[in-house]
Amino acid sequence: MLTQKQPQLIAGQGLHWSAQRIFSVVTQIIILLISVLLLTNVIITLGERRLQEDWATQRYSELQSVGTLIADKVSFQQFRTQMFANDELLKRYLTIPSEVRQLKLQQSWEVMIRNIPELLDIALFDPQGKYKFSTTNDFSRDPLPPSLLGGARNMGGNEVYTSPLEFTPIKGKLEPYLYQLAWLENPDQSVRGYLLTYQSMSRMLKSIKPAYSSAESPLMMLDTQGLLYAGAESKPTINRIPDTMGGSLRQTYPALWRKMAMSNFGQFHGDDATFVYLKIELTTQYETRREYYLVSYVRNDAIAELFSEWRNILIVGAVVLTLLALALILLSHSYRIGQRSREYSIELAHRLFHQDIGCVIINDKNRVMTANEKAAELLCLPLDELQDRNLQRILQFENEQYAEVAAQLEANNKWQGVIDFDSPGGSHLAITVTSSPRRSRQEKYYLVTFEDVSQLRKVQHQAKLNELLNDNAIPCALVQANGMLELANQAFMQLVSIHDIQGKNLTDLLNNDLSSQWPRITQQILLQGSWKGQILCDPNSKENTCLQATLKGHLDAAGEIEHIVCTLEQAQKRALLQDTGDFIPHRSAILVNLRDLDDYFKSLSPVSREHSSLLLIDITAESMLSHMSDIGQLENRQREVEIHILRTLPVNYQMSHWQLGKLIVILPDTSSDDAHHFAVKSLNGLNEIGLGTGICMGIASYQTGQNLEQYLSNAEVALKRAKQIGEQNICQAFTRQN
């Protein structure tokens, strides 16, 4: 049984914090800190939100009480207005008007105004609605609205009309008020006059309960259009709340107003404060129905201050729990490291001598103490003969050579090297000698490992031969499927004038519009295995400066291009570039959508467009698209047809994709007869290579004033005729009369 006093076989058996273990501990600590921060923040946020909801519930109850009291106040004021209308002094004045009776009436009204805080003024109007007199001059003396006069009204008798809230300046300050109108009627229901009482809404709110409009719980009153009629004097410390009478909450805080407009009561949690609102009715009569909003709010930082004590408790608790969790993580990892270290000490010998690497242990006298079977196999010696052998003899070292090994072991406690044994197989062994740290009263030992690197040496030798073979005068490069250079010989680098292939693309180095043609080139490599073409040709030079480029593709197991081998050779400059399919034509790019083709069509000159033709090609054979799996076959067939047509496509013609299985070719400056000859020539070429089966073509000539969509519709008509005829695969429609 191993104990702590037993010597360790190697120093690595101690308690070591590996990089993986440290990364695991750091990761767990980071996750713990993030989790604690998130959890604490969530709990604090939920606590503050709960406190906000409790405040909102309490405040909503208060708003209900305020709304009820305001409605009762308005009802009582209606009753009081009716009492003023039935006053004996007023009746006497109306019966026999005189200055004495008017003075007594005004004095009586002044006493009422002084004793009733919310009563601002009392005014009398004649039967025509014109102003007669009042107690103060704070209100307008304009005639009454026609809707309240004579037969235009629907109210009368003992009913009292209550106006909407309005503003009037009193002592340099806007005062929200409403007026109540009572009809003064004769016994025969004719109007003798009108009595108006002006009531202050701000004084009314203050008289209900001062706490409702305190700074801690401000109270605002707004109409159904969002205008503020009360509460501006609270001077809110939050943004987007109107701070003046008549300010519009609808404009300053649209989000809150949308919430209020959608319901009669509720809560709104903003960035700065939590709002509670309630819609109330001041009067319930049909003619005088008045609805207003009562709004109160509490600042979020005020809620945070109320919750600060609990927040501090939560933060302290989170810190304590985090420290305990950190201690637990470190202790658990230390315990597991100790356990694994002890298990490693027990299993080391077994694992050391039962693996694919040969191991030998020698003492400080260079004698073999023990060896495994793999070491005996690599050294081509029986296992029994290895016992008590000398390491120098096993390694077949001379005295001077072994002295250098011993000196390096003494200096670095390690030596590495590769030895070629003179055996029939010519094996190569990588040898590593490691010495154990010397301890007091313990002998020193060495661990020698043998690993067969013969295959590696062969691969290195083959790589050297390939490097020598590649070092020739022919420019050659290995390219990825996207055109990026992966390997190039010196001749290639000198030809394209580069010193480093890092980040270089073949299409950029060879120029010649290869970047736009690269997708087509890779398609041809997929279909035919290679591509050839002339590049770097100077049309103005009389010398032979063209190069013949050969691209040979190597596919992976999935059938995709893995690498492309590019070789460059001197080539003869061609006279007719369009007669060969190896050269890339200037206008061989296939437009991928109808919008690009429309841009090309519009860019043509009016003469070229007026004398143009359009060829619509359907490459779908009758046997295709019978099943969804045939779509891939149709795509491959379409690529093959495109490549063949591009080889013979004149410079001024343009090809474009339209639908799967259909191609469009615009032929500028081409009559219907020439377009038909081109279609026949293209179809014959496709038939020669076995691609003409099932292909139909429709030809249309340009009609004056057509757009591309109408042009294409005419070609579709011709294509349908070609399919219906059956005997002839090419048909024309809407051709010009030449």
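Student: I tried to follow the pairing of strand β25 (residues 696-701) on my own but got confused; where do I start?
Tutor: Every regular strand shows the same layout, with side chains that alternate between the two sheet faces. Most of β25 is tucked away, with 6 of its 6 residues classed as buried. Burial of β25 is two-sided: the residues C696, G698 and A700 facing one way and the residues M697, I699 and S701 facing the other way are all buried. Bridging between strand β22 (residues 613-618) and β25 involves 6 bridges; their strand directions are antiparallel. When the sheet's bridge partners are listed, D618 is paired in β25 with C696.

Student: When you look at the sheet that holds strand β10 (residues 273-283) in this model, what are you seeing that I'm missing?
Tutor: Backbone-to-backbone hydrogen bonds pair the strands of a sheet. The strands run either parallel or antiparallel. Reading across the sheet, the 5 strands line up as β8-β7-β11-β10-β9 and stay open at both edges, with antiparallel pairing between neighbours. Here the strands that pair on one side only, and so sit at the sheet edges, are β8 (228-230) and β9 (265-269). Ignoring which end each strand starts from, the neighbouring axes of this sheet average 30° apart. In this sheet, β10 lies alongside β9 in antiparallel orientation, the contact comprising 5 bridges. Pairing of F265 across the sheet is with L278, part of β10.

Student: Even after reading the chapter, I still don't get the packing of aromatic side chains, so can you show me in this structure?
Tutor: Aromatic ring pairs are reported here in terms of the distance separating the ring centres and the angle at which the planes meet. By the definition in use, this model includes 22 aromatic pairs. With 5.6 Å between their ring centres and 40° between their planes, Y60 and F265 make a pair best called tilted. On the criterion of sequence distance, the pair formed by Y60 in helix α1 (residues 19-85) and F265 in strand β9 is long-range, its members being 205 residues apart. Measuring from centroid to centroid gives 5.4 Å for Y702 and Y711, while their planes differ by 70°, and the two rings are edge-to-face. Here Y702 falls in the buried class, since its relative accessible area comes to 6%. Each residue in the set F139, Y161, Y177, Y179 and Y198 is aromatic and connected to the rest through ring pairs, giving one cluster. The ring of Y253 has R240 sitting right over it, with the charged end atom 4.2 Å from the ring centre.

Student: Looking at this model, I keep getting lost on the nonpolar core. Mind explaining?
Tutor: Across soluble globular proteins, nonpolar side chains show a tendency to be buried alongside one another. Grouped together as the largest cluster of nonpolar side chains are 25 residues, with contacts concentrated most on I70, M201, M221, I280, L282 and L294. Contributions of two or more residues to this core are made by α1, α4 (201-208), β7 (219-223), β8, β10, β11 (290-299) and α7 (300-306). Apart from residues no more than four positions distant in its own chain, L282 is found in contact with I70, A71, V74, L178, M201, M221, R290 and Y292.

Student: Help me understand the confidence of the model for the protein chain in this model?
Tutor: Any region with low pLDDT has predicted coordinates that should not be read closely. Taken over all residues, the pLDDT of the protein chain has a mean of 81, while the share at 70 or more is 83%. Predicted confidence for residues 573-588 stays below pLDDT 50, and this span has 40 contacts to residues more than four positions away or in other chains.

Student: So what exactly am I meant to see when it comes to the state of the cysteines here?
Tutor: Note on terminology: a disulfide is the covalent bond linking the sulfur atoms of two cysteines. Counted according to the given criterion, the structure contains 0 disulfides. Between C476, a cysteine without a disulfide, and C566, which holds the nearest cysteine sulfur, the sulfur-to-sulfur distance is 7.5 Å.

Student: I'm lost on the pattern of salt bridges in this one. Help?
Tutor: A pair can form between side chains of opposite charge whenever their charged atoms are brought close. In this structure the tally under the stated criterion is 11 salt bridges. The shortest N-O distance in the salt bridge between D54 and R50 comes to 3.6 Å. On the criterion of helical spacing, the pair formed by D54 and R50 is a turn pair, its members being 4 residues apart in helix α1. For D54, a relative accessible area of 38% translates into the label partly exposed.

Cut-offs applied
Residues numbered from 1 in each chain as written. Predicted model: local features only at pLDDT ≥ 70, side-chain atom pairs only at ≥ 80, totals over all residues. Heavy atoms only, no water. Buried < 20%, exposed > 50% of the residue type's maximum accessible area, 1.4 Å probe, protein only. Helix = DSSP H or I, 4+ residues; strand = E, 2+ residues; numbered from the N terminus. Pairing = 2+ DSSP bridges. Axes fitted to C-alpha atoms, helices over the stretch in contact; angles between N-to-C directions. Phe/Tyr/Trp six-rings, centres within 6.5 Å; stacked < 30°, edge-to-face > 60°. Lys NZ or Arg CZ within 6 Å of the ring centre and 35° of its normal. Core = buried A, V, L, I, M, F, W, Y, C linked by side-chain atoms within 4.5 Å. Contact = heavy atoms within 4.5 Å. pLDDT = per-residue confidence, 0-100. Disulfide = S-S within 2.5 Å. Salt bridge = Lys/Arg side-chain N within 4 Å of Asp/Glu carboxyl O.

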